Amino acid sequence: MDSKELHTFHRKIAVDLFNHVWDLMEKKDRTDDEELEMIHAAHASRYHWGIVGNELNFARGEWQISRVYATVGSSERALYHAEKSLDYCLANDIVDFDLAFAYEAMARGYSLTQDRKQFEENLEKAVAAGEAIAKEGDKKVFMESLEDLRQIPTT
């Protein structure tokens, strides 16, 4: 395989795995095996993005891994990857949709802990970043994604 073919291969695998993870996350009756598959697929997608992607792809990959861990109830791992996503956004001036989702990941991770203060602070940052999303359609998708977090009692 030449370098162009290899690049195409890694990109296709990264995208396909990212989409597969979404399918598994949206599945209502996931089995334990499917949860493990979802975790592995999210990491594998991020790995392939690490070969052919850029900082935006890295931020999104870390966000997805965080979301997977939040979905399965692993706060420590969710927060670790949420912080990585946020770090990529802040270090590379990635704003708009991706910054809002990085703060959403932080809030979601803290929603699994007893740290209500961090949960509330990150939820506020997520909402503020969401309000700054330029495209109305993207803003709507983001704000809808916060609905379950807004149901969590604060303080």
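Scroll up for the structure.
Residues numbered from 1 in each chain as written. Predicted model: local features only at pLDDT ≥ 70, side-chain atom pairs only at ≥ 80, totals over all residues. Heavy atoms only, no water.

**Remarks on the nonpolar core**
Thinking step 1. In this structure, Phe 142 and Leu 146 are the most contacted members of the largest nonpolar core, which totals 25 residues.
Thinking step 2. For this core, the secondary structure elements donating two or more residues are α3 (55–71), α4 (75–91), α5 (96–111), α6 (116–131) and α7 (136–145).
Thinking step 3. Ranked by the residues each element gives to this core, the list is headed by α5, at nine residues.
Thinking step 4. Once residues within four sequence positions are removed from consideration, Leu 146 is found in contact with Glu 104, Leu 123, Ala 126 and Val 127.
Thinking step 5. Of all hydrophobic cores here, the second largest spans twelve residues; its members include Val 21, Met 38, Tyr 69 and Ala 70. (Core = buried A, V, L, I, M, F, W, Y, C linked by side-chain atoms within 4.5 Å. Buried < 20%, exposed > 50% of the residue type's maximum accessible area, 1.4 Å probe, protein only. Helix = DSSP H or I, 4+ residues; strand = E, 2+ residues; numbered from the N terminus. Contact = heavy atoms within 4.5 Å.)

**Looking at the pattern of salt bridges**
Thinking step 1. A complete count under the given rule lists twelve salt bridges for this structure.
Thinking step 2. Here Lys 27 and Glu 34 are joined by a salt bridge, their closest N and O atoms 2.4 Å apart.
Thinking step 3. Lys 27 sits in the partly exposed class, given a relative accessible area of 32%.
Thinking step 4. Arg 46 serves as the salt-bridge partner of Glu 62, at 3.1 Å between the closest nitrogen and oxygen. Of this pair, Glu 62 sits in helix α3 while Arg 46 sits in helix α2 (residues 32–52), and the two are 16 residues apart along the sequence.
Thinking step 5. Accessibility expressed as a relative area gives 13% for Arg 46, which makes it buried.
Thinking step 6. In the salt-bridge network here, residues are joined through shared partners; they are Arg 67, Glu 104, Arg 108 and Asp 148. (Salt bridge = Lys/Arg side-chain N within 4 Å of Asp/Glu carboxyl O.)

**Describing α5**
Thinking step 1. Helix length check: α5, at 16 residues, gives a terminal C-alpha distance of 23 Å against a target of 22 Å (1.5 Å per residue), a fit within 8%.
Thinking step 2. In terms of residue burial, α5 counts as a mostly covered element, since 14 of its 16 residues are buried. (Expected span 1.5 Å × (residues − 1).)

**Quick look at the environment of Asp 16**
Thinking step 1. As for its position among the elements, Asp 16 is in helix α1 (residues 3–26).
Thinking step 2. It is 17 Å that separates the C-alpha atoms of Asp 16 and Leu 36, two residues lying 20 residues apart in sequence.

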